[in-house]
Amino acid sequence: MANPETPVQTNFVKQIINEHNKTGRFANRVHTRFPPEPNGYLHIGHAKSICLNFGIAQEYGGQCNLRFDDTNPVKEDVEYVDSIKEDIRWLGFDWEDREYYASDYFETLYEYALTLIRDGKAFVCELTAEEIRQYRGTLTEPGKNSPYRDRSVEENLDLFQRMRSGEFPDGSRTLRAKVDMASPNLNMRDPVMYRILRAHHHRTGDAWCIYPTYDWAHGQSDSIEGITHSICTLEFEDHRPLYDWYVDQLGIHHPQQIEFARLNVTYLVMSKRKLLRLVQEGIVDGWDDPRMPTISGLRRRGFTPASVRDFAERVGVAKKESTIDMALLEHCVREDLNAHAWRVMGVLDPLKVVITNFPEGETEQLEAVNNPEDESSGVRSVPFTRELYIEREDFMEDPPGKFFRLAPGREVRLRYAYIIKCEEVIKDADGSITELRCTYDAETRSGMPQANRKVKGTLHWVSATEAIEAEVRLYDQLFSKEDPGDTDEGLDFLSNLNPDSLQVIRAMVEPSLAEAMPGKHFQFERKGYFTVDTRYSKPGTPVFNRTVTLRDTWAKVNKQ
RNA sequence: UGGGGCGUAGCCAAGCGGUAAGGCAUCGGCCUUUGGAGCCGACACGCGCAGGUUCGAAUCCUGCCGCCCCAGCCA
């Protein structure tokens, strides 16, 4: 690529690339890849990697491939490849026609293996899995050579071909690279390249009964695709010498592997194993449950692609293992939704208010702004009637000093409407409040001169007779500990589940919401951002997922 | 105790020998018909610790300490 731009905002990966461009190692070419294994749904950690890989390609005028690392048929499935593609597209990235699969290279990989065998660099081993482990040695003691290590090239060639043709039972033989059993790096102690495995592969079907291991497949796949920078996570750092060894032995294009620290976020579990358990044990409502840190879960919860990309940008890229504060993720959605979500009013916990001096049976249409952050979003009308609902928590019979809301004898403003005064509190036999009797000041409708009168607070409200009922799902963290993996003796992460992570309620919302489209985002004024559920919502009976609450300084003050 | 990494604020993260960017969080104030948003301000005499080199060190050297990863025919 000619004249790649040097990005202003830097990180160590870009610095390495800049250095390569300076020395011309890859002829100023930048070609990355995102290599998911299709054995689970993508999560926010993958989003970081996707943004990094596609982002870097974009910045340097290069390309990023999508490559499924499908070398282990027992765990992989097309369901996962479909979801992965959908999620990457949703995030806003495009791999164009570069959709590849490691399984596309099985034949080439096989040829490469033959080359290593011919060069005396690989051999067919008949040690069992257990024996291989014993021969490998330990962290502090060197391993021992396999008794099969010195077979002739001819014998190895013959045996390997017979492995492929299915002459041997599963697990009975492996093809191993001849590196160094005394290496202090265990990955170099004659690593396995192929295992015999009779499993149906989601793409190659039953064509193969030998499958390449990650180490043998990954670097060569990168090389075949002309990848320049193979970005992966820290745990592969120890594999880099082997990555380098394979491409060097083969004498093929040599990409640079670069490792960065994977993303961790407080209150979230990120391992595919744990996420799978949550799904399989029915603890959540599938991979896209709005409490899941999966991309599909975040999407259903109401996160936007821009907010996730912004988050990925803000967490940075480094080699230090870190755990990002959940508050940053929440900040990113709020920022995006604040700018784009239309405001509406919805009362989550209704308390009836009767405006005693407002005519019975009359409906007044009042004008409400759709989004104060965006003039072009216009206005809508909301019906005002004699009977209303306000939020139960917006009234207190005996309020503390800093309470700005409604109380006996106090005035408060109803958003877009009038200033009302609480005249009487009606209770049932148990003493709980069932209704408030208020009067309104007809001169204070929004827009009127008298409307500027100072009152302590403004409440959201809804017409009791015109509002519609809607299901609202209030979500909280799935886990009650910042580190869900921090458990007591003998317990696993499930012991840290938050029993109140989902609360389903019936709320009263303004009538304009009746036909709200699934996936559409709203701000329920003073309460939070809500998104119409894509699974359970139906025209006329909307279901809302609470994406995130609004920042609530009152709640903070109240707690102290 | 072999090898590979990493330590800068509560959480991230720039910095690359010339005297500690930025974001989130937090705390003040202003403004506000969302206790939202916005705006202004505060927030490391200090860069894991201890020595050393230098006119000058978070940056270079030495030695410690702490944390993470590796003994799958998973990726």
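Residues numbered from 1 in each chain as written. Chains lettered and ligands numbered in written order. Predicted model: local features only at pLDDT ≥ 70, side-chain atom pairs only at ≥ 80, totals over all residues. Heavy atoms only, no water.

**Observations regarding the packing of helix α2 (residues 44-59) against helix α11 (residues 305-315)**
Part 1: Where α2 contacts α11, the axes come no closer than 9 Å and their chain directions differ by 75°. When the axis of α2 is compared with that of α11, the two are roughly perpendicular. On α11, the residues that touch I44, A47, K48 and C51 of α2 are V308, R309, F311, A312 and V315.
Part 2: Across the contact of α2 with α11, the residue classes break down as seven nonpolar, no polar and two charged. (Axes fitted to C-alpha atoms, helices over the stretch in contact; angles between N-to-C directions. Helix = DSSP H or I, 4+ residues; strand = E, 2+ residues; numbered from the N terminus. Parallel < 35°, antiparallel > 145°, perpendicular 65-115°, else oblique. Contact = heavy atoms within 4.5 Å. Nonpolar A, V, L, I, M, F, W, Y, C, P; charged D, E, K, R; others polar.)

**What to know about the packing of aromatic side chains**
Part 1: Per the stated rule, a full pass over the model turns up 24 aromatic pairs.
Part 2: Measuring from ring centre to ring centre gives 5.3 Å for F160 and Y194, while their planes differ by 55°; the resulting arrangement is tilted. With a gap of 34 residues between them, F160 in helix α6 (residues 153-165) and Y194 in strand β6 (residues 192-196) connect regions that are remote in the sequence.
Part 3: Every member of this aromatic cluster is reached through a ring pair, and the members are F106, Y110, F160, Y194, W208 and Y211. (Phe/Tyr/Trp six-rings, centres within 6.5 Å; stacked < 30°, edge-to-face > 60°.)

**Focus on the environment of I117**
Part 1: Residue position: I117 is located in helix α4 (residues 106-118).
Part 2: When its relative accessible area of 0% is taken as the criterion, I117 is described as buried.
Part 3: Separated by 65 residues in sequence, I117 and A182 have C-alpha atoms that sit 21 Å apart.
Part 4: Those residues in contact with I117, other than ones at most four positions away along the chain, are A122, V153, N156, L157, F160 and L175. (Buried < 20%, exposed > 50% of the residue type's maximum accessible area, 1.4 Å probe, protein only.)

**Digging into the protein's contact with RNA strand B**
Part 1: If you check the shell around RNA strand B, you find 71 residues, and the closest are K320, E321, R343, S446 and Q523.
Part 2: The sugar-phosphate backbone supplies 64% of the atoms of RNA strand B found within 4 Å of the protein.
Part 3: Side-chain polar atom of R314 to a sugar or linking oxygen of RNA strand B: 2.9 Å apart, as the coordinates give it.
Part 4: Within the backbone of F404, a nitrogen or oxygen atom sits 2.8 Å from a base oxygen of RNA strand B.
Part 5: Residue assignment for the surface near RNA strand B shows that the elements contributing at least two residues are α5 (129-135), β6, α11, α12 (326-340) and α13 (553-559).
Part 6: Looking at side-chain class alone, the surface near RNA strand B contains 23 nonpolar, 22 polar and 26 charged residues. (Near = heavy atom within 4 Å. Polar contact = N/O pair within 3.5 Å; in protein donor to acceptor, adjacent residues only side chain to side chain.)

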